[in-house]
Amino acid sequence: MKQAPTLSAAFLHPAGSSLPEPLLALRKERGTALVDMPLPTRKTENWKYSSKYLKLSDEMAISLPAQGKTGSSLAVPGYKVVFRNGIMIPEASDYPDLDGIMISRFGDLSDATAADLAAKLDGTLNRNTVQLAGLNSARFEDGLLISLSPNAVMDQPLFIIHEVDADASGSAFPRVFVEAARHSQFTLVEEYISAGSEPVMVNTVTEFVLADSAQVTSIRLNTEGENVQHIGATGVRQQRNSRFASHCVGFGGPLRRHDLQVRLEGEGAECKLNGVVVTQGKQHYDNHTTIEHVAAHCNSEETYRNIAADQSHAVFNGRIHIHQDAQKSNANMNNKNLLLSTGAEIDTKPELEIYADDVKCAHGATIGQLDEASLFYLVSRGISRRQANVLLTMAFINELVQQIPVEAVRDTATKRLNQFFDSTFEEA
Amino acid sequence: MLSIKDLHASIEGKEILKGINLEIRAGEVHAIMGPNGSGKSTLSQVLAGNEAFAVTSGEVTLNGENLLELETEERAREGIFLAFQYPVEIPGVSNLQFLRTSVNAMRTHRGEKEMNAAEFMKLAKEVSRQVDLDPAFLKRGVNEGFSGGEKKRNELMQALLLQPKLAILDETDSGLDIDALKVVADGVNALRAEDRAIMMVTHYQRLLNHIVPDYVHVLAGGRIIKSGGRELALELEEKGYGWLGIKEDAAEAAN
């Protein structure tokens, strides 16, 4: 019998690090658990459409040093933290001391705080399903802890610019943990960018823990280059009456995988998950989302749009799990997909698992092309075919772009979308 | 202005237009009437350049230029405008954005400066009032959630904004109550000009009470079987199409 491929042992050697002892201990424990971890293949259900894009070489197992410089494409209007190859760069970061809000790199934590954090890390994620992103916990060399006290309100968004820059193959493991105490409010923008051309892996985990009535918005913009295989996970746990909104905008690459897992654990909690994915050339992008309705009276609203051009491949898997006690749950999931060429592929799978008997659940998924009648209507008014294509493609996602509550992100996303249109739709 | 000679067109191998001959000069208003399925809408769509229809033979020129060699958008820029019978809804594209893109495409073609958002907004508001359409509709998606009458008025508004050489109005009167019909008729009459021709496709002659045509043509079975002045429309109203030896359902069968 053929042996299933396992993660190369080279990936389980974390770089020497100045992390506090409790976090080093956690890393070691997680690493041990991953020995002989099977790599996903097309027989692995949640990697079925994406395993063929995963190309990890032993050279990529090396931790990239914190060097290089890429420069964000965002004109950052708020507070800024820069991570370079997974390590925070204080001299490039810029944020003031804020009342009731602690922002600290993992390396600067006291042993006591680090021990407290170590007990919480991974608490938002199902480690059985995030698989490869779990490697982050065995390898992170730094990270950012954001802790909001009760009633603390951050007056501007915090931007974390995750840069990866390398003149050799390797990996980066950025890590973020956000604790929002009761009635606190916070917006986090995470931008993933890259420079260089050597094959690298970015392996990232961001976690949000929302106490009662906390309100958190997470914006995630991925514009990394063609050399980056990105495997990321975001985990969220929500207590009573908390609000979580997520806006993910992703442009394709050789491998792009994002798992987003939300647990609604307190009554009255609500989450809204928006996602836009655009792929072209031979690019790939895979979004796997899970919403667990654990408590009663929670609402979830999920809207994802994929646009695939050329020979690219987009995947959406949206799972909603309504637990037995989650009566009066209200869950709405919608995924629409636009194929811009006959060579493009989109796979979508909504999954509902319902164990409560008094719930409202709706889901819908469609895959289509640009509407010929609409195109004819536009060109019959003198609009060029190219511009008509752009108008209709933009119309497909515009609503979601406009909902992103930070203008700088909308502008960058729009700029990148225009580049996509320029290369996808020819001038007449 | 528009010259159609022995035009044949088909869709999915089925011939719909079987030799249309028509001359329209600048300043004239022509009404094309006929029973359902006679080819009226096909003629409109073919002139506008809908590629779903194949022109199998014949000739169409606009001011001497071969129209059939032009792409849809080029025809529009040369001055062809089709007011659709069933305008599509395009959610996500605002009416204002659509209209400005269209007007500026025409202006660029004519070598004129594009209109900025403020200039265009002013113009669009004026024209929307002219067709009795609340300017709030400008902010909605193109035709999104518009009633039948609102869609027709939105079409007419586009004609007024784009100032075409030849306006083809495909059943612009259908589905309108009498008040809306008057608004639309006023709009069409406002379009009448020395240097512009109007081709109105209609099933009923009631629109012609408000817009007096110079010529009336009866289209049946893919051919123009009778032409005359406005009195022909009244005669049709009185006698029906049977008088010309065609039945509505027979016309369908002929296709």
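### Points about the overall build of chain A
Alright, step 1. Counting secondary structure elements, chain A contains seven helices and 20 strands.
Alright, step 2. Expressed along its principal axes, the backbone C-alpha trace of chain A runs to roughly 70 × 55 × 50 Å.
Alright, step 3. Residues counted as buried form 59% of the 428 residues belonging to chain A.
Alright, step 4. The long-range fraction of contacts in chain A, counting pairs at least 24 apart against all pairs at least 6 apart in sequence, stands at 85%.

### Focus: the overall build of chain B
Alright, step 1. The number of helices and strands found in chain B is eight helices and twelve strands.
Alright, step 2. Scaling as 2.2 N^0.38, a compact globule of 255 residues should have a C-alpha radius of gyration of about 18 Å, and chain B matches this with 18 Å.
Alright, step 3. Of all 255 residues assigned to chain B, the portion counted as buried reaches 55%.
Alright, step 4. Sequence separation of 24 or more characterises 69% of the internal contacts of chain B that already satisfy a separation of 6 or more.
Alright, step 5. Taken as a whole, chain B presents about 10,800 Å² of accessible surface, with 47% of it coming from carbon and sulfur.
Alright, step 6. Within chain B, one finds 29 positive and 39 negative side-chain charges whose respective centroids are separated by 3 Å.

### Some details on unusual backbone geometry
One can expect most non-glycine residues to show negative phi and most peptide bonds to be in trans.
Residue and element names in this part refer to chain B.
Alright, step 1. Even without a glycine there, the phi angle at Asp6 is positive, about 50°.
Alright, step 2. Considering the arrangement of structural elements, one finds Asp6 in strand S1 (residues 2-11).
Alright, step 3. The phi torsion at Asn143 lies on the positive side, around 60°, for a residue other than glycine.
Alright, step 4. With respect to the helices and strands, the residue Asn143 is situated in the loop between strand S8 (141-142) and helix H5 (148-162).

### Regarding the nonpolar core
What tends to happen in soluble globular proteins is that the nonpolar side chains get buried as a cluster.
Alright, step 1. Ranked by internal contacts, the top residues of the largest apolar core, which has 123 residues, are B:Leu2, B:Ile4, B:Leu47, B:Met157, B:Met199 and B:Met200.
Alright, step 2. In terms of residue count, the dominant contributor to this core is helix H6 (residues 385-403) of chain A (ten residues).
Alright, step 3. If we skip the residues at most four places from it in the chain, B:Leu47 touches B:Leu2, B:Ile4, B:Val60, B:Leu67, B:Arg75, B:Ile80, B:Ile168 and B:Met199.
Alright, step 4. Counting residues in hydrophobic clusters, the runner-up holds 42 residues, among them A:Tyr79, A:Leu210, A:Leu264 and A:Ala356.

### Looking at the interface of chain B and chain A
Frequently, the measure chosen for interface size is the accessible area that the parts lose on association.
Alright, step 1. Counting from both sides, the interface comprises 33 residues of chain B and, opposite them, 17 residues of chain A.
Alright, step 2. For the pairing of chain B and chain A, the buried interface totals around 1,900 Å² over both sides, and the portion due to carbon and sulfur atoms is 65%.
Alright, step 3. Inspection of the chain B/chain A interface yields four salt bridges.
Alright, step 4. With a shortest N-O distance of 2.7 Å, B:Glu155 and A:Arg381 are connected by a salt bridge.
Alright, step 5. Counting across the chain B and chain A interface gives nine residue pairs in polar contact (both at pLDDT 80 or more).
Alright, step 6. At the level of elements, helix H1 (40-48), helix H2 (72-78), strand S6 (80-83), strand S7 (90-94), helix H3 (95-109) and H5 of chain B are the ones that each hand at least two residues to the side of chain B that touches chain A.
Alright, step 7. In terms of residues, the side of chain B that touches chain A owes the most to one element, H3(B), which gives six residues.
Alright, step 8. Taken together, the residues of the side of chain B that touches chain A sort by class into 17 nonpolar, ten polar and six charged.

### With respect to helix H1 (residues 21-33) of chain A
Residues and elements named next belong to chain A.
Alright, step 1. Here H1 spans 19 Å end to end across 13 residues, near enough to the 18 Å set by a 1.5 Å rise per residue.
Alright, step 2. Every buried residue of H1 is listed here: Pro22, Leu23, Leu26, Arg27, Arg30 and Gly31.
Alright, step 3. Buried residues along H1 sit in contact with helix H2 (111-120), helix H3 (127-130) and helix H4 (135-139).

### Some points on the packing of aromatic side chains
Alright, step 1. Evaluated as defined, the whole model comprises nine aromatic pairs over all chains.
Alright, step 2. Geometrically, the ring pair formed by B:Phe137 and B:Phe146 is edge-to-face, given 4.8 Å between the ring centres and 85° between the ring planes.
Alright, step 3. A relative accessible area of 11% places B:Phe137 in the buried class.
Alright, step 4. The exposure class of B:Phe146 is buried, given its relative accessible area of 5%.
Alright, step 5. Here the basic side chain of A:Arg305 rests over the ring of A:Phe396, its NZ or CZ set 5.8 Å away from the ring centre.

### So, the pattern of salt bridges
Residues and elements named next belong to chain A.
Alright, step 1. In the structure shown here, the tally under the stated rule is 30 salt bridges over all chains.
Alright, step 2. Between Arg237 and Glu265 there is a salt bridge, with its nearest N and O atoms 3.0 Å apart. Note that Arg237 is positioned in strand S11 (residues 228-238) and Glu265 in the loop between strand S13 (255-264) and strand S14 (270-279), a separation of 28 residues in sequence.
Alright, step 3. Among the residues examined, Arg237 registers a relative accessible area of 29% and is labelled partly exposed.
Alright, step 4. Overall, the relative accessible area of 18% leaves Glu265 in the buried class.

Cut-offs and rules
- Residues numbered from 1 in each chain as written.
- Chains lettered and ligands numbered in written order.
- Predicted model: local features only at pLDDT ≥ 70, side-chain atom pairs only at ≥ 80, totals over all residues.
- Heavy atoms only, no water.
- Helix = DSSP H or I, 4+ residues; strand = E, 2+ residues; numbered from the N terminus.
- Buried < 20%, exposed > 50% of the residue type's maximum accessible area, 1.4 Å probe, protein only.
- Contact = heavy atoms within 4.5 Å.
- Rg over C-alpha atoms; globule rule 2.2 N^0.38 Å.
- Areas by Shrake-Rupley, 256 points an atom, 1.4 Å probe, with all protein chains shown as cover.
- Lys, Arg positive; Asp, Glu negative; His and termini not counted.
- Charge placed at Lys NZ, Arg CZ, Asp CG, Glu CD.
- Core = buried A, V, L, I, M, F, W, Y, C linked by side-chain atoms within 4.5 Å.
- Buried area = accessible area lost by both parts, 1.4 Å probe.
- Salt bridge = Lys/Arg side-chain N within 4 Å of Asp/Glu carboxyl O.
- Polar contact = N/O pair within 3.5 Å; in protein donor to acceptor, adjacent residues only side chain to side chain.
- Nonpolar A, V, L, I, M, F, W, Y, C, P; charged D, E, K, R; others polar.
- Expected span 1.5 Å × (residues − 1).
- Phe/Tyr/Trp six-rings, centres within 6.5 Å; stacked < 30°, edge-to-face > 60°.
- Lys NZ or Arg CZ within 6 Å of the ring centre and 35° of its normal.

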